[in-house]
Amino acid sequence: QVQLVESGGGLVQAGGSLRLSCAASGRTFSPYGMGWFRQAPGKEREFVSAIRWTGDATYLAGSVKGRFTISRDNAKNTVYLQMNSLKPEDTAVYYCAARTSAGSLSLRASYDYWGQGTQVTVSS
């Protein structure tokens, strides 16, 4: 059983920064990749970013390219999402997810484990 716990959300003014963390726990944790998704009120959960657990491959949605960066610390079983130049439209609940099998990391349905989410609110 794998548990994912997000932290780092909060309220920030437009143009500010936040760093989200996702810590994974479980007897053995070696996913294919980890992803961040977000869900704004009244909208579907959407892909934000993902990272392979080995190697250098990272993926970003077009709406956050140049502003967000994903990274990981395998020793700590933790994934980070550095969010800079935040905009009001980035306001959402951000979810961390883990995928165990190989395949696309941008597909929400392909993930096996999800965290409870952390609220990010960007004021104008």
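Quick look at the structure, then. Along every chain, residues carry numbers that run from 1 in the direction the sequence is written. Local features are withheld for residues below a pLDDT of 70 in this predicted model, meaning they are given only at 70 or higher, and side-chain atom pairs are given and counted only at 80 or more; totals for whole chains, interfaces and linings count all residues. Side-chain figures throughout are based on the complete set of non-hydrogen atoms in the structure, without hydrogens or water.

## A closer look at the side chain of S110
Condition: The numbering of helices and of strands both runs from the N terminus, where a helix is a DSSP run of H or I of at least 4 residues and a strand a run of E of at least 2. Each polar contact in these results corresponds to two N or O atoms within 3.5 Å; when the atoms are within protein, one needs to be able to donate a hydrogen and the other to accept it, and residues that are neighboring in sequence are counted only if both atoms are side-chain atoms. The contact definition used throughout considers only heavy atoms, calling two residues in contact when any of these lie within 4.5 Å.
Tracing the backbone through its elements, the reader meets S110 in the loop between strand 9 (92-99) and strand 10 (113-114). Looking at S110, its side chain comes within polar contact range of the main-chain oxygen of L107, at 2.7 Å. The contact partners of S110, leaving out residues within four places of it in the chain, are R99 and S104.

## Considerations on unusual backbone geometry
Phi is positive for N77, close to 50°, though the residue is something other than glycine. Note on placement: N77 falls in the loop between strand 7 (68-73) and strand 8 (78-83). Look at S85: it is not a glycine, yet its phi comes out positive at around 50°. When you line up the elements, S85 lands in the loop between strand 8 and strand 9.

## Observations regarding the packing of aromatic side chains
Geometrically, a pair of aromatic rings is defined through the distance of the ring centres and the angle of the planes. Selection rule: Aromatic pairs are defined between Phe, Tyr and Trp rings, using the six-membered ring for Trp, whenever the two ring centres lie within 6.5 Å; interplanar angles under 30 degrees are classed as stacked, those over 60 as edge-to-face, and all others as tilted. Each residue gets one of three labels from its accessible area relative to the maximum for its type: buried under 20%, exposed over 50%, partly exposed in between, using a 1.4 Å probe on protein chains only. Geometrically, a lysine NZ or arginine CZ counts as sitting over a ring once it is within 6 Å of the ring centre and also within 35 degrees of the ring normal.
Taken as a whole and assessed by the stated rule, the structure comprises five aromatic pairs. Their ring planes at 75° and their centres at 5.7 Å tell us that F37 and F47 sit as a pair that is edge-to-face. Residue F37 is located in strand 4 (residues 33-39), and its partner F47 is located in strand 5 (residues 46-52); the two are separated by 10 residues in the primary sequence. The buried category is assigned to F37, whose relative accessible area is 1%. In textbook terms, an aromatic cluster arises when at least three aromatic residues are bridged by ring pairs, as seen for F37, F47, Y111 and W114. Over the ring of Y95 we find R45, and its NZ or CZ is 3.6 Å from the ring centre. Above the ring of W114, the side-chain terminus of R45 is found at 5.0 Å from the ring centroid.

## Things to note about the environment of Y111
Within the secondary structure, Y111 is located in the loop between strand 9 and strand 10. On the accessibility criterion, Y111 (6% relative accessible area) is buried. Taking the C-alpha atoms as reference points, Y111 and T54, 57 residues apart in sequence, are found 17 Å from one another. Contacts of Y111, omitting those with residues within four sequence positions, involve G33, M34, G35, F37, A50, A97, A98, R99 and L105.

## Quick look at the environment of N77
When the C-alpha atoms of N77 and S30 are compared, they prove to be 8.7 Å apart, with 47 residues separating the residues in sequence. In contact with N77, not counting residues within four places along its chain, are C22, A23, A24, F29 and W53.

## Comments concerning the state of the cysteines
Note: disulfide means a covalent bond formed between the sulfur atoms of two cysteine side chains. Threshold: By convention in this document, the label disulfide applies to cysteine sulfur atom pairs within 2.5 Å.
In total, this model carries one disulfide according to the counting rule given. Disulfide pairing places C22 opposite C96 at an S-S distance of 2.0 Å. With the S-S bond torsion at -75°, the cross-link from C22 to C96 turns out left-handed. Placement of the pair is C22 in strand 3 (residues 18-25) and C96 in strand 9, with a sequence separation of 74 residues. Look at C22 and you get buried, because its relative accessible area is 0%. C96 gets classed as buried once you look at its relative accessible area, which sits at 0%.

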